[in-house]
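# Analysis of the macromolecular model
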2 protein chains.
Amino acid sequence: MKRMLLKIAYDGTAYFGWQRQNNFMTVQQKLEESLEKLLGQKTAVRGSSRTDTGVHALAQGAVFSGDFTIPEENFPYALNSFLPRDISCMGARLVDDSFHPQYSVVNKTYRYRIQNDRFRDPMLSRYSAFVPRELDIEKMQSVCGFFLGRHDFSSFCASGSTAKTTVREIYALTVEKNQNIIDVVVKGNGFLYNMVRIIAGTLVDVGLSKIPPQDIPYIIESRDRTKAGKTLAPEGLTLMEIVYDFEKNGEKQ
Amino acid sequence: MKRMLLKIAYDGTAYFGWQRQNNFMTVQQKLEESLEKLLGQKTAVRGSSRTDTGVHALAQGAVFSGDFTIPEENFPYALNSFLPRDISCMGARLVDDSFHPQYSVVNKTYRYRIQNDRFRDPMLSRYSAFVPRELDIEKMQSVCGFFLGRHDFSSFCASGSTAKTTVREIYALTVEKNQNIIDVVVKGNGFLYNMVRIIAGTLVDVGLSKIPPQDIPYIIESRDRTKAGKTLAPEGLTLMEIVYDFEKNGEKQ
């Protein structure tokens with residue numbers, strides 16, 4: 001038996017998220033079906049991140065075990081011939097048995113993209129949220145520092161989360177504008193349910209002067225979801241990168 | 001009666017091109033239906049460019065005449081509430097009766113986008129052609145000058161064209177690479193059927209060293225479609241800009 005980590009990119013528009021469900025097509029199911037066609041054996045994958053309905057990924061991690069002879073450097077080409085056009089394998093590497101798709105994660109980076117313009121560009125709509133009102137980028141940038149470090153992010157967690165702890169560490173948070181596109185990029189050791197979309201919604205409220213910048217530390221401290229901004233739409237969110245510790249022998253972090 | 005020029009953007013993926021057809025949904029039909037809902041009257045539009053099935057636009061021009069009171073600055077907002085998410089009105093201006101959506105065109109700019117990488121990125125696939133082999137960008141750039149000016153572009157015209165003349169003038173042609181995206185941008189006074197997609201296919205053949213750069217002038221002179229490169233896929237093509245002469249009284253150019 002070999003164990004392989006795949007890097008999977010997808011346009012999430014047509015899927016009910018990553019995680020397998022009974023009556024709805026998900027990315028995980030499509031990937032498992034394609035692996036079964038390629039390998040001729042039932043194959044179960046485990047993902048590094050449970051992306052929601054409509055959320056995209058450039059670098060989801062997916063691990064499976066099986067008997068196969070395809071070398072890792074050829075694996076993406078072989079798998080891509082069975083995948084639909086909206087899912088693509090971007091890389092593959094053999095890993096130890098101890099490797100765990102979630103516990104071996106060191107950090108993840110998400111991007112939340114906003115189209116900030118008078119009229120909606122249909123070519124951006126699929127991969128961004130549309131905000132027609134003017135946003136004060138410098139104000140948005142000025143509050144990024146408050147989010148850095150270890151915090152209880154309960155204020156930025158949707159109900160329905162099953163996480164054992166609501167403490168997470170954010171390593172980087174940036175807001176950048178290029179022409180009519182604003183990218184919120186956040187790197188952390190993990191994220192609560194809807195956390196990035198709520199952080200982006202809160203930053204938009206700062207940019208619209210609905211939330212004063214100096215309120216952000218109190219919103220974080222309050223651990224009260226109603227104090228933060230709205231959860232922005234899923235189509236703006238893309239899982240950009242996952243860094244793993246390949247040396248770690250599967251201990252929980 | 002007033003006459004209005006609309007700037008229309010669309011993701012062409014779901015449509016059988018711009019031009020109205022009997023049994024297939026087109027952008028023109030969708031736009032006319034939305035205008036009818038907004039204005040309460042049957043409305044026929046004429047486009048500046050007949051984009052093909054799967055081709056996109058950021059700035060298609062569409063002209064209609066009718067009785068309406070909505071001011072031009074509010075017109076896009078009003079119309080967008082009736083348009084589907086993959087079509088958007090980006091601007092509107094009142095024009096003289098003499099304005100003609102085709103004859104008043106001074107120049108048009110198209111972009112052909114190529115994703116040049118080992119593996120297909122699903123988020124780029126909808127708006128680009130995928131070329132996994134390495135392309136020599138400098139070689140591609142070196143032949144752009146040969147296309148400039150007035151030429152008989154028969155070598156770059158698909159059969160089935162009904163154009164009266166195959167002479168066109170190209171004002172600018174550039175090839176630029178940013179990370180894994182190559183953009184071929186071409187500005188001209190008009191384009192023959194599939195002309196931009198064949199020019200892009202020919203540039204790719206130059207980049208792959210299938211066509212030597214010094215052959216390009218002979219390929220143009222030959223007026224022989226079989227000498228030029230392949231017609232690249234429609235999804236890579238986007239109509240980017242149209243410049244009009246609003247003073248011209250509708251004479252043919």
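Residues numbered from 1 in each chain as written. Chains lettered and ligands numbered in written order. Predicted model: local features only at pLDDT ≥ 70, side-chain atom pairs only at ≥ 80, totals over all residues.

### A look at the overall build of chain A
A count of helical and extended segments in chain A gives 7 helices and 10 strands. By the compact-globule yardstick of 18 Å for 253 residues, chain A fits well, its C-alpha radius of gyration being 19 Å. Each principal axis of the C-alpha atoms in chain A carries an extent, and together these give about 60 × 40 × 30 Å. The 253 residues of chain A split such that 39% are buried. Of the contacts made within chain A by residues no fewer than 6 positions apart, 72% connect residues no fewer than 24 positions apart. (Helix = DSSP H or I, 4+ residues; strand = E, 2+ residues; numbered from the N terminus. Rg over C-alpha atoms; globule rule 2.2 N^0.38 Å. Buried ≥ 20, exposed ≤ 12 C-beta atoms within 10 Å, placed from the backbone. Contact = placed C-beta atoms within 7 Å.)

### Details of the nonpolar core
Residue and element names in this part refer to chain A. Formed by 58 residues in total, the largest nonpolar core has its most connected members in Ile 8, Met 195, Val 196 and Ile 199. When residues in this core are grouped by element, the largest group, 8 residues, is from helix α6 (residues 195-207). When near neighbours in sequence (up to four residues on either side) are disregarded, Val 196 contacts Tyr 110, Tyr 112, Val 186, Phe 191 and Leu 237. (Core = buried A, V, L, I, M, F, W, Y, C linked by C-beta atoms within 7 Å.)

### Details of the relation of the copies chain B and chain A
Turning chain B through 180 degrees and shifting it by 0.0 Å along the axis lays it on chain A, with an RMSD of 0.0 Å. Accordingly, the operation relating the two chain copies is best matched by a two-fold axis. No C-alpha of chain B lies nearer the rotation axis than that of Arg126(B), which sits 5.0 Å from it. Looking at the interface residues of chain B, 100% of them are also at the interface in chain A, so both copies use one shared face. (Least-squares fit on C-alpha atoms with pLDDT ≥ 70 in both.)

### Structural notes on the domain arrangement of chain A
Residue and element names in this part refer to chain A. For chain A, the domain assignment lists domain 1 (2-103) and domain 2 (106-241). Measuring from the centre of the C-alpha atoms in domain 1 to the corresponding centre in domain 2 gives 27 Å. Contact residues are listed per partner, giving 12 residues for domain 1 and 10 residues for domain 2. Partitioned by chemical class, the residues of the side of domain 1 that touches domain 2 number 4 nonpolar, 7 polar and 1 charged. (Domains from an automatic or database assignment. Nonpolar A, V, L, I, M, F, W, Y, C, P; charged D, E, K, R; others polar.)

### What about helix α6 (residues 195-207) of chain B?
Residues and elements named next belong to chain B. For α6, with 13 residues, the first-to-last C-alpha span of 18 Å sits near the 18 Å given by 1.5 Å per residue. Counted residue by residue, α6 has 12 buried out of 13 residues, so it is predominantly covered. Taken together, the buried positions of α6 are occupied by Met 195, Val 196, Arg 197, Ile 198, Ile 199, Ala 200, Gly 201, Thr 202, Leu 203, Val 204, Val 206 and Gly 207. Here the buried face of α6 lies against β5 (105-115), α4 (137-142), α5 (144-147), β8 (167-178), β9 (181-188) and β10 (237-244). Ser 209 sits one or two positions beyond α6 and adopts a positive phi of about 65 degrees. (Expected span 1.5 Å × (residues − 1).)

### Notes on the environment of Val45(B)
Within the fold, Val45(B) resides in the loop between α1 (27-39) and β2 (46-47). In this structure the C-alpha to C-alpha distance between Val45(B) and Arg120(B), which are 75 residues apart in sequence, comes to 37 Å.

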